Amino acid sequence: MNPAIEVRHLSYSYPGGRRALDDVTFAVAQGECVGVLGPNGAGKSTLLLHLNGLLPERLPEQPKVWIAGEPLTRDTAERVRQRVGLLFQDPDDQLIAPTVFDDVAFGPRQLGVAEPELERLVQDCLRMVGLEGFERRQPHRLSQGEKRRVCLAGVLACKPAVLVLDEPTGGLDPRGRREFKRLLQTLPGTKLVATHDLELVVDLCSRVLVLDQGRLVREGPTIEVLSDEPFMLEHGLEKPHALLHRHPHG
Ligand code: ADP
Ligand code: MG
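In what follows, the accompanying structure is described. Every residue gets a number counted from 1 within its own chain, in the order that chain's sequence is written. In the order they appear in the text, chains get letters beginning with A and ligands get numbers beginning with 1. The predicted nature of this model means local features are confined to residues of pLDDT at least 70 and side-chain atom pairs, given and counted, to a pLDDT of 80 or more, with totals for whole chains, interfaces and linings taken over all residues. Values shown for side chains rest on all heavy atoms present in the structure; no hydrogens or waters enter the calculation.

1. Digging into the side chain of Arg 148
Move 1: The way it works is that DSSP assigns letters per residue, a run of H or I at least four long becomes a helix, a run of E at least two long becomes a strand, and they are numbered from the N terminus. Position of Arg 148 among the secondary structure elements: in helix H5 (residues 144-156).
Move 2: For the buried residue Arg 148, which engages in no salt bridge, the nearest side chain bearing the opposite charge is Asp 90, 6.3 Å off.
Move 3: Residue contacts are defined here by distance: any two heavy atoms, one from each residue, within 4.5 Å place the two residues in contact. In this view, Arg 148 contacts Leu 87, Phe 88, Gln 89, Pro 91, Glu 167, Pro 168, Thr 169, Gly 170, Leu 172 and Phe 180; residues no more than four positions away in its chain are not counted. Note on classification: 1.4 Å probe, protein chains only; a residue is buried when its accessible area is under 20% of the maximum for its type, exposed when over 50%, partly exposed between these limits. Under the convention used here, Asp and Glu are negative, Lys and Arg are positive, and both His and the chain ends fall outside the count. Salt bridge, as used here: a side-chain nitrogen of Lys or Arg that lies within 4 Å of a carboxyl oxygen of Asp or Glu.

2. Some details on the packing of H5 against helix H6 (residues 174-186)
Move 1: For helices, the fitted axis covers only the stretch in contact; all axes are lines through C-alpha atoms, and the angles between them, taken along N-to-C directions, range from 0 to 180 degrees. Close contact between H5 and H6 brings their axes to 11 Å; oriented N to C, the two are set at 15°. With respect to their mutual orientation, H5 and H6 come out roughly parallel. As H5 runs across H6, the sense of the crossing is right-handed. Touching Arg 148, Arg 149 and Leu 152 of H5 are Glu 179, Phe 180, Leu 183 and Leu 184, all from H6.
Move 2: Polar here means any residue outside two lists: the nonpolar Ala, Val, Leu, Ile, Met, Phe, Trp, Tyr, Cys and Pro, and the charged Asp, Glu, Lys and Arg; Gly therefore counts as polar. The residue inventory of the contact of H5 with H6, partitioned by class, reads 4 nonpolar, no polar and 3 charged. Should an angle fall under 35 degrees it is called roughly parallel, over 145 degrees roughly antiparallel, and 65 to 115 degrees roughly perpendicular, with every other angle called oblique. Left-handed describes a crossing whose near helix is turned anticlockwise from the far helix by less than a right angle; the clockwise case is right-handed.

3. A look at the sheet that holds strand E6 (residues 84-87)
Move 1: Taken together, 6 strands build an open sheet; the order of strands is E6-E7-E8-E3-E9-E10 and the sheet is mixed. The sheet terminates laterally at E6 and strand E10 (215-221), the two strands that pair on one side only. The sheet shows a mean angle of 15° between the axes of neighbouring strands, direction not considered.
Move 2: Note on pairing: two strands pair once DSSP finds at least 2 bridges between them. Across 6 bridges, the pairing between strand E9 (residues 207-212) and E10 is antiparallel. The residue bridging Arg 207 from the neighbouring strand is Pro 221, located in E10.

4. Looking at the pairing of strand E8 (residues 190-194)
Move 1: With respect to burial, E8 is a largely interior element, 5 of its 5 residues being buried.
Move 2: Of the two faces of E8, the one lined by Thr 190, Leu 192 and Ala 194 and the one lined by Lys 191 and Val 193 are each fully buried.
Move 3: Inspection of the sheet shows strand E3 (residues 33-37) paired to E8 by 4 bridges, in the parallel sense. The residue of E8 that forms the bridge with Val 36 is Ala 194.
Move 4: Here 5 bridges tie strand E7 (residues 162-166) to E8, and the two strands are oriented parallel to one another. If you follow Leu 165 over to E8, its bridge partner there is Val 193.
Move 5: As a crossover connection, the stretch from E7 through H6 into E8 is right-handed. Clockwise travel from the first strand over the helix to the second, with the strands pointing away from the viewer, marks a crossover as right-handed.

5. Quick look at the pattern of salt bridges
Move 1: Tallied over the full model, the rule gives 16 salt bridges.
Move 2: Measuring nitrogen to oxygen at the nearest pair gives 3.0 Å for the salt bridge that ties Asp 92 to Lys 147. With Asp 92 in the loop between E6 and helix H3 (100-110) and Lys 147 in helix H5, the pair connects residues that are 55 residues apart, well separated along the chain.
Move 3: Look at Asp 92 and you get partly exposed, because its relative accessible area is 41%.
Move 4: When salt bridges that share partners are traced, they join Glu 32, Arg 207 and Glu 219 into one network.

This is the structure we're talking about:
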């Protein structure tokens, strides 16, 4: 079976900026949940934006990214992009419509889903993220956690094969983090999760990738990497003392 995500020798510099990704190569198996760790500025968001072709500005002729075996190129971008559901780091960058209903309906509408199926789909997705009855609410008036859930509902409404989540618990309080973690645990399928939330990583991800200054400096089983205190400190990460004594994925 093809990996759900494959990235080979991916490098990228922002226009006029320094190198944000430097020869990154990895694969994520179908159904696997993998964490992406690294200090601020390591290139996590930049990497995630490459997985559905939002970067680079102009897709290369030679692919660097494959989704379920299909290369991401100029010709395939539209189709491949539909299969990768990306939850942005900042929900305000993702929310676009004046009501929650229209926001969640935006993606499927683009894909040609019409009433009455659309209504049912939006309701189902809102129920999945615990926001039943929020259809008429205004997204910009919601709490940070609720905004994230609306964005996730909008991503799920497009029925992606792969979920790519950029700091999904960032800016949430401890209860919000735990609730969002539980929600993510209920979602089946392949996930790639960039995060500083080591509790989320321990409970959700069997494997981690560590980026530092655009380079993939390590990949391995979550507990093995997180237990390596000198390594974690060297790359600006913390060792999650208490977490490692709990049962993983519980
Ligand atoms: P992370 O998500 O790990 O914090 P980013 O991918 O956001 O890291 O950033 C990687 C590097 O690229 C950083 O040096 C950052 O300053 C730079 N960068 C990020 N976004 C832009 C941008 N839009 N324009 C120029 N440089 C950027
Ligand atoms: Mg980021």
